[in-house]
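As a plain string of letters, each chain reads:
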Amino acid sequence: MRVRRKKRTKRLIVLLSLLLLGIVGFRNILPNLGDVFQYHHVASGEYGWNLILVNRDNYIPDDYTVELTELSNGQKVDSRIYPSLQEMFDAARAEGLGLFVADGYRTAETQQQILEGKIEAYKNEGYSSEEAEKKAKEWVAVPGTSEHQLGLAVDINADKSQSTSEEVYEWLSKNAYKYGFIQRYPENKTDITHTIYEPWHYRYVGNDAAFEIFSQNICLEEYIETLE
Ligand code: ZN
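Here the structure is a predicted model, which is why all the values come from computation and not from measurement.

Another point: the pairing of strand 6 (residues 153–158). Of all six residues making up strand 6, five are buried, and the element is well covered by its neighbours. Where strand 5 (residues 99–103) and strand 6 come together, four bridges link them in antiparallel fashion. Residue pairing across strands places Leu99 opposite Ala158, the latter belonging to strand 6. Bridge count for strand 6 against strand 8 (residues 201–204) is three bridges, and the pairing is antiparallel. Each bridged residue has a counterpart across the sheet, and for Ala153 the counterpart in strand 8 is Arg203.

So, in structure tokens, the structure goes:
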């Protein structure tokens, strides 16, 4: 009787140990499972097409479509923002500035290529694959989370023969809102946008939203929250 009980106790201990090991082991693989089955909130256009919020937590819907207009230098933007963009550039040029759209609409494939290129560049600098990927993602948005895939964002550069980058960025930061554009990733909002300061990246949100965002000194994430 006693022997049996001892045996049973032993078995119980072994079983509990296995269970514990199992839990520890499972917890260790959980982060990886999390990567595979990552839950992606899909960006919503509930406040209008111009206010769709796309960031690392809100992915562009798979069925998102956009009608594009091609600029004179071959870059493309959502046709609905083209008139405002042209108006803004006309105004800047009238003040003597030289500027151009360096990057407009991008496909998910292009975004993927840019990300992979950046990862490669870091690897060539000697970073491990994991580190290189982490560092690259600080600079380049993961496909599905870039506003460039919406066609609503443009990277504006200076035409160096006419203006410095600083002059162009300065003008845009003060005037873009009048044309419905916002500086999407301000220096003082990186903890909210989770994106580095990008003085060249402008996003169309429409005149009303742009005015509010500019005058209240908030970012798009904060503005959307005021609507909720
Ligand atoms: Zn950009």
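Still more ground to cover, so stick around.
A few words now on the side chain of Asn55. You can see Asn55 is positioned in the loop between strand 1 (41–42) and strand 2 (58–59). Polar side-chain contacts of Asn55 include one of 2.9 Å to the side chain of Asn58. In contact with Asn55, other than residues within four places in its own chain, are Thr145, Arg184 and Glu221.

Procedures and definitions
Residues numbered from 1 in each chain as written. Predicted model: local features only at pLDDT ≥ 70, side-chain atom pairs only at ≥ 80, totals over all residues. Heavy atoms only, no water. Buried < 20%, exposed > 50% of the residue type's maximum accessible area, 1.4 Å probe, protein only. Helix = DSSP H or I, 4+ residues; strand = E, 2+ residues; numbered from the N terminus. Pairing = 2+ DSSP bridges. Polar contact = N/O pair within 3.5 Å; in protein donor to acceptor, adjacent residues only side chain to side chain. Contact = heavy atoms within 4.5 Å.

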